[in-house]
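# Structural features, examined
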Amino acid sequence: MHTRGQKSPTPKGSRFRDRRHLLRGQVLVLSSGGYPDVSHGGGTKLSRGDGHGAGVLADGRLRDFDQLRGYSFATWCRGEAVPRGGDAVMSHDFGITVEISGVCVNPGDYVYMDNAGGVVIPSASLHRVTDIAEEVTAEEAVAAKSIRVEATRPDK
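Nothing here was measured: the structure is a model prediction, and the numbers come from that model.

Parameters at a glance
Residues numbered from 1 in each chain as written. Predicted model: local features only at pLDDT ≥ 70, side-chain atom pairs only at ≥ 80, totals over all residues. Heavy atoms only, no water. Patch = residues over 30% accessible without salt bridge, like charges linked within 9 Å, V, L, I, M, F, W, Y side chains within 5 Å. Areas by Shrake-Rupley, 256 points an atom, 1.4 Å probe, with all protein chains shown as cover. Salt bridge = Lys/Arg side-chain N within 4 Å of Asp/Glu carboxyl O. Lys, Arg positive; Asp, Glu negative; His and termini not counted. Charge placed at Lys NZ, Arg CZ, Asp CG, Glu CD. Helix = DSSP H or I, 4+ residues; strand = E, 2+ residues; numbered from the N terminus. Buried < 20%, exposed > 50% of the residue type's maximum accessible area, 1.4 Å probe, protein only.

Another point: a negative patch on the surface. Side chains of Asp131, Glu134, Glu135, Glu139 and Glu140 sit close together on the surface and give a patch of like negative charge. Inspection of the secondary structure puts Glu135 in helix α3 (residues 126-151). Using a relative accessible area of 47% as the deciding quantity, one classes Glu135 as partly exposed.

Here it is, written out as structure tokens:
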């Protein structure tokens, strides 16, 4: 996201393409460009991704939460904004590396978010990370079973 009045070189060969270029399962990641309290999109603009992407992750605010809830994708952001942000920020480029809360997100990285938080997984590390996650899940299942067994002992 490029901010008006701020000079930012456009990477050679890149150009902004609208959100309809999202493929099913992709997450649209919006950098705040230094303006985290400004709206970076709302129900109308983000309707372009309905039926296409898996989600929107914004390092800023969004608008129209009621409308966004009705879309087929999940949304994570810093909060809701009432006024539109077009006077302060505008979309600049698509398919480039951006920073979200101090974390670089590269095109092709995997973004996992839930109610507890999120993680960005570099595409080259995905298989290693999922293997580790499966190991941790198995260990936690064994620990939970042990805790349940211990809790059902009459001497406890």
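The next thing to look at is unusual backbone geometry. Working note: non-glycine residues mostly have negative phi, and peptide bonds are mostly trans. Positioned with a positive phi, Asp64 is a non-glycine residue whose angle comes to about 60°. Looking at the element boundaries, Asp64 is found in the loop between β3 (55-58) and α2 (65-69). A residue is classified by how much of its surface remains accessible, and Asp64, at 26% relative accessible area, is partly exposed. Residues other than glycine seldom take positive phi values, yet Ser101 does so here, at roughly 50°. The topology assignment puts Ser101 in the loop between β6 (98-100) and β7 (103-105).

Remember that the coordinates give geometry; whether it matters functionally is a separate question.
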